[in-house]
Amino acid sequence: MKLIIRICVMTYISAFTINELNNPYFFQKEICSYNGEPTMTIEGENVNVTCNCYDDYATIDEDKKINGVKVQCNYERRRRFIALFLSVFIPLGIDYLYLRNYWAFVLILLSSLIVCVGNCYLLVESQSEKNKNKEDKMHSNNQDEETFTIARIIFLVLGGILFVFYVTNIVLIATGVIKDGNGISTINDLSYLFKLYY
């Protein structure tokens with residue numbers, strides 16, 4: 001008799017567990033990646049779960065599904081304040097690295113380094129030219145001086161363009177125009193910063 005009762009109880013528990021695992025209500029929070037509030041609608045045999053993601057999360061297109069329902073709120077959004085801070089205080093494209101836009105990071109880093117190294121080289125060369133005595137200057141080739149002047153102008157123009165880019169980049173990040181590498185907008189947490197001061 002005890003054996004029969006145990007078998008019946010085990011059968012009931014296993015049936016309950018299987019039904020619970022097949023129940024989409026059980027997976028609502030998992031479908032929202034535990035980062036949002038789920039809303040479920042059932043139309044016949046179709047189960048639709050939509051998630052209202054928390055502010056820190058967004059949904060990106062992935063093929064991951066649970067019981068045939070697409071996983072949502074699976075992407076942590078980037079903070080605008082951190083991107084703006086990096087853009088202002090470390091203007092070498094580190095903000096784009098933070099925003100997961102790797103090609104822009106490499107392009108900005110290389111152009112910044114080229115302009116910086118080029119201007120430093122020209123500064124050192126101009127100092128060494130001043131230290132030469134006048135007789136050596138008279139015997140120097142005018143073509144070298146013209147090349148040196150053209151290089152100086154090119155690097156100064158590139159430095160000016162880079163400066164205008166940095167200022168424009170700061171404005172675009174602060175206004176939220178620049179998105180991260182996956183096309184998701186940044187979290188507008190600058191308003192919290194201003195609330196602290198006002």
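Quick note: structure is the one above.
One structure accompanies this document, and this report is about it. (Residues numbered from 1 in each chain as written. Predicted model: local features only at pLDDT ≥ 70, side-chain atom pairs only at ≥ 80, totals over all residues. Heavy atoms only, no water.)

1. Thoughts on the pattern of salt bridges
Move 1: Enumeration over the complete set of coordinates arrives at 2 salt bridges.
Move 2: Note that D56 and R79 form a salt bridge whose closest N and O atoms lie 3.4 Å from each other. Of the two residues, D56 sits in the loop between strand 2 (46-53) and strand 3 (57-58) while R79 sits in the loop between strand 6 (75-76) and helix 3 (80-89), which places them 23 residues apart along the sequence.
Move 3: Overall, R79 belongs to the partly exposed group, its relative accessible area being 31%.
Move 4: Put simply, R79 and D189 hold a salt bridge, and the shortest N to O gap is 3.7 Å. One end of the pair, R79, is in the loop between strand 6 and helix 3; the other, D189, is in the loop between helix 7 (142-175) and helix 8 (190-197), and 110 residues separate them in sequence. (Salt bridge = Lys/Arg side-chain N within 4 Å of Asp/Glu carboxyl O. Helix = DSSP H or I, 4+ residues; strand = E, 2+ residues; numbered from the N terminus. Buried < 20%, exposed > 50% of the residue type's maximum accessible area, 1.4 Å probe, protein only.)

2. A closer look at the pairing of strand 2
Move 1: Where strand 1 (residues 36-43) meets strand 2, 8 bridges bridge the pair, whose relative direction is antiparallel. Paired with E37 across the two strands is N52, which belongs to strand 2. (Pairing = 2+ DSSP bridges.)

3. Quick word on the packing of aromatic side chains
Move 1: Considering all chains together, one arrives at 3 aromatic pairs under this definition.
Move 2: Relative to F89, the ring of F85 lies with its centre 4.8 Å away and its plane at 50°, an arrangement referred to as tilted. Of this pair, F85 and F89 both sit in helix 3, 4 residues apart, roughly one helical turn.
Move 3: Overall, the relative accessible area of 42% leaves F85 in the partly exposed class.
Move 4: Given a relative accessible area of 58%, F89 falls into the exposed group.
Move 5: Ring centres 6.0 Å apart and planes at 55° place the aromatic pair F165 and Y166 in the tilted group.
Move 6: The exposure class assigned to F165 is partly exposed, which follows from its relative accessible area of 30%.
Move 7: Residue classification places Y166 among the buried positions, given a relative accessible area of 15%.
Move 8: Ring pairs connect the aromatic residues F81, F85 and F89, which therefore count as one cluster.
Move 9: The ring of Y98 carries the charged tip of R78 above its face, separated from the ring centre by 4.8 Å. (Phe/Tyr/Trp six-rings, centres within 6.5 Å; stacked < 30°, edge-to-face > 60°. Lys NZ or Arg CZ within 6 Å of the ring centre and 35° of its normal.)

4. Quick notes on the state of the cysteines
What makes a disulfide is a covalent bond joining the sulfur atoms belonging to two cysteines.
Move 1: According to the stated counting rule, one finds 2 disulfides in the structure shown.
Move 2: Each sulfur in the disulfide pair C32 and C51 lies 1.9 Å from the other. On the sign convention where negative is left-handed, the bridge of C32 and C51, at about -90° about the S-S bond, is left-handed. Note that C32 is positioned in the loop between helix 2 (28-31) and strand 1 and C51 in strand 2, a separation of 19 residues in sequence. (Disulfide = S-S within 2.5 Å.)

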